[in-house]
Amino acid sequence: MRIVKALAVALSLSFASPVLAAEAPPPPDARFGFAGLFGTFDRGALQRGFQVYKEVCSACHSMRLLSYRNLLDIGLTDEQVRAIAAEYQITDGPNEDGEMFERPGRLSDRFRRPFPNEQAARVANNGAYPVDLSVITKARAGGANYIHALLTGYVDPPAGVEVMPGMNYNAWFAGNQIAMPNVLNPGQLEFADGTEATVEQMSRDVTTFLAWAAEPEMERRRQMGVKVLIFLAILGGLVYATKRKVWADVKH
Amino acid sequence: MAIGLHDSSFKNPVVRWVDQRLPVFTMIQKEYGTFPTPRNFNYFWNFGALAMINLMIMIATGVFLAMHYTAHVDHAFESVERIMRDVHFGWLIRYAHMNGAHLFFAVVFIHIWRGMYYGSYKAPRELLWILGVIIFLLMMATAFMGYVLPWGQMSFWGATVITNLFSAIPLIGPEIVTYLWGGFSVDNPTLNRFFSLHFLLPFVITGVVFLHVAALHITGSNNPLGIEPKGPQDTLPFHPYYTAKDSVGIVVYLAVFAFLIFFMPNYLGHADNYIPANPLVTPAHIVPEWYFLPFYAILRAVPDKLGGVILMFGAIAVLFVLPWLDTSKVRSMRFRPIARIAFLLWTVNFMVLTWVGAKPAEGHYVLIAQIGTMIYFAYFLVVLPALGRLERPLPLPESIARAVLGPKAQLGGGPVPGAATAQPMEKA
Ligand code: HEM
């Protein structure tokens, strides 16, 4: 069609580039506790979710916008967070001799990346790039519902569908062929609080953690919103009463 | 009273001292205190004041964002997220600026719609209207460049598609695009100049708004009846009547604004813009922000690129000559039974264009966009010029006061005697 051609011309002036394949259906509502207008993050879920990220996802995915100090906000103590940071070796420097050196992580360090750069990440993942997860729930149309659906969406491909080598079938990924393997299996980790590590549980918890990471201000934002709206409601009443009084003596 | 000093009526010695030398207090008193304003405004007349407040909010939040933002392709995305995470109330500032832009367009769309429905563009307010259209154009340029700054996927690809439109201009098109980009693709030089211009344009807008309001205060406001006030019985002093009424609108507006910021800050945006820009990956659908959609639909309705660009800019250019396309002397649609229906249909059509602008340009969506484009232009170029001659308007009321107070009322002076007549101000 000519329209499509005209648009193609507009675009081809920029880079020739691969276009994402067909879209998947909208994900079901997973009824997360933080999803409602006044919802908050469950601290237990956040801490378990961080554990899932740390023990599973962080092998491939970075979260470069987060620092270890941010973990203080999910209810971990100062000591716990310092201990977590110190588990990682961070490259620092140069020192007085002009050398880079390794030292244990501190509160102020960003989360350490699993790969030094995108190329290294691709080589280790069959050419696919495990995206940074810092703002992932804001960066996908279905938000947290989509992430949860994706993580629990590894099913057998329907008859007749051929999965390409190095790819996996996922019911919720656009185009259904995803380079990320199924990484959640029942009982693969032990939650510190004794919660049973089902796939559903791990997926919900890590999704909650990712939603918090994307919008760490959410709870404060909503609290402030309630106060502001109450203030405006009172102010509105007063202003409207004033307006009525001012206009009482004129017909209009 | 020395020669050369302004004849001030203020008693407070400090105010008076200033006012004699620089009559700002007299001016405020005249333009916002006693300014004679039609007594029959409805709440549509709030939207000019709302736009003004919105502009101030945009500038205030924008200046603080600029203190922390980094205009570089390697840092822009991250610097915006840092503002949201590490700057005190940075999330509030950024979400206010982001949602403020959405609201600004909503407010100005209603403001323009009001002008079209009540015929505010007609003589003697043509220039006032044209200044408004200039503001609207400047707003679109500002919003487009602002959207590029966070350097997400939609920033990058939106900038690429829109700047590429200029390549449709015969002969010099490609050259112009290279100059816009500062290179051979949307890249760091593009981001830098867009930041500079995005900072500059709101102040240009402020200047044009000043002219817009200055022109308004020469002709005075229109009103829902579309007939000119004939005397003090038809008007009220701006203060306290319209300061009070505008305040009601402002609080409602702030409540809507607050709800967006605090409870659904990303609802009106596109998720793809939280993916850092990547020149190698094209998003499945490149969709502009909602307020550009009607014009985007017109752009894509035409199979020819140059034709599409001309029609898209034509859709706004036609507003400049609207005062002369509408040949009817009657302003308000209340008294134009046929034009009123035509305009309401045009309004629905505008919404259809908004909707179809977000759809992929394929199949029957193209046809809908083409019909929508035809209706859009037909209203201005055929219906309005013809109706001015063919339509029989309803009888106009004798005066605003007669319409408001009823035929039997005694028409004395306004409720505040003498207040509606402006104080004489020395014209230097
Ligand atoms: C930054 C954007 C704008 C600001 C701050 C602004 C401000 C104002 C203000 C304060 C008024 C007087 C109050 C009122 O009648 O509602 C006004 C009137 C008016 N504006 Fe705007 N305006 C803006 C954009 C526009 C645009 C884009 C248009 C049209 C394309 C426009 C057309 C008019 C007209 C025709 C009037 C006179 C209305 C009447 O007298 O009834 N304005 N404007």
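Everything numeric here is computed off the predicted structure, so don't read it as measured data. (Residues numbered from 1 in each chain as written. Chains lettered and ligands numbered in written order. Predicted model: local features only at pLDDT ≥ 70, side-chain atom pairs only at ≥ 80, totals over all residues. Heavy atoms only, no water.)

### What about the overall build of chain A?
Phase 1 of the analysis: Tallying secondary structure elements over chain A gives 7 helices and 4 strands in all.
Phase 2 of the analysis: The secondary structure elements of chain A, listed N-terminal to C-terminal, are α-α-α-β-β-α-α-β-β-α-α.
Phase 3 of the analysis: Its C-alpha atoms give chain A a radius of gyration of 24 Å, more than 25% over the compact-globule value 18 Å for 252 residues.
Phase 4 of the analysis: Its C-alpha atoms give chain A principal-axis dimensions of about 80 × 65 × 45 Å.
Phase 5 of the analysis: Burial status across chain A gives 38% buried among its 252 residues.
Phase 6 of the analysis: For chain A, the exposed area adds up to about 14,000 Å²; of that, 57% sits on carbon and sulfur atoms.
Phase 7 of the analysis: The centroid of the 26 positive side-chain charges in chain A is displaced by 14 Å from the centroid of its 27 negative side-chain charges. (Helix = DSSP H or I, 4+ residues; strand = E, 2+ residues; numbered from the N terminus. Rg over C-alpha atoms; globule rule 2.2 N^0.38 Å. Buried < 20%, exposed > 50% of the residue type's maximum accessible area, 1.4 Å probe, protein only. Areas by Shrake-Rupley, 256 points an atom, 1.4 Å probe, with all protein chains shown as cover. Lys, Arg positive; Asp, Glu negative; His and termini not counted. Charge placed at Lys NZ, Arg CZ, Asp CG, Glu CD.)

### A few points about the domain arrangement of chain A
All names here are of chain A.
Phase 1 of the analysis: Looking at the assigned domains, one finds that chain A contains domain 1 (2-66 + 114-215) and domain 2 (217-252).
Phase 2 of the analysis: With 10 residues of domain 1 at the contact, the number on the domain 2 side is 6 residues.
Phase 3 of the analysis: Per-residue buried area on domain 1 facing domain 2 is highest for Phe-38, Phe-41 and Glu-215; these three make up 55% of the total on that side.
Phase 4 of the analysis: For Arg-221, the salt bridge is made with Glu-215, and the minimal N-O distance between the two is 2.8 Å.
Phase 5 of the analysis: Taken together, the connections running from domain 1 to domain 2 amount to 9 residue pairs in polar contact (both at pLDDT 80 or more).
Phase 6 of the analysis: Grouping the constituent residues of the side of domain 1 that touches domain 2 by class yields 5 nonpolar, 3 polar and 2 charged. (Domains from an automatic or database assignment. Contact = heavy atoms within 4.5 Å. Buried area = accessible area lost by both parts, 1.4 Å probe. Salt bridge = Lys/Arg side-chain N within 4 Å of Asp/Glu carboxyl O. Polar contact = N/O pair within 3.5 Å; in protein donor to acceptor, adjacent residues only side chain to side chain. Nonpolar A, V, L, I, M, F, W, Y, C, P; charged D, E, K, R; others polar.)

### Structural notes on the coordination of the iron atom of the ligand
All names here are of chain B.
Phase 1 of the analysis: Here the iron atom of the ligand is held by His-111 (NE2) and His-212 (NE2), and the distances to it run 2.1 to 2.2 Å.
Phase 2 of the analysis: Each of the 6 donor atoms bound to the iron atom of the ligand contributes to angles spanning 77 to 179 degrees, and the resulting shape is irregular. In this pair, His-111 is assigned in helix α5 (residues 90-117) and His-212 in helix α9 (residues 188-219), connecting sequence segments 101 residues apart. Each member of the pair, His-111 as well as His-212, carries the same accessibility label: buried. (Donors = N, O, S within 2.8 Å, 3.2 Å for Na, K, Ca; no water. Tetrahedral: all angles 85-135°; square planar, octahedral: opposite > 155°, others 65-115°.)

### Considerations on the interface of chain B and chain A
Phase 1 of the analysis: Counting residues at the interface gives 59 residues for chain B, matched by 54 residues for chain A.
Phase 2 of the analysis: Carbon and sulfur atoms supply 68% of the area that chain B and chain A bury against each other, a total of about 4,900 Å² over both sides.
Phase 3 of the analysis: On the chain B side of the interface with chain A, the three residues burying the most area are Arg85(B), Phe262(B) and Phe263(B), jointly 15% of the side's total.
Phase 4 of the analysis: At the junction of chain B and chain A, the tally comes to 4 salt bridges.
Phase 5 of the analysis: The salt bridge partner of Glu81(B) is Lys138(A), with a shortest N-O separation of 3.1 Å.
Phase 6 of the analysis: Looking at the side of chain B that touches chain A, the elements with two or more residues in it are α4 (76-86), α5, α7 (153-164), α10 (238-263), α11 (293-301) and α16 (400-405) of chain B.

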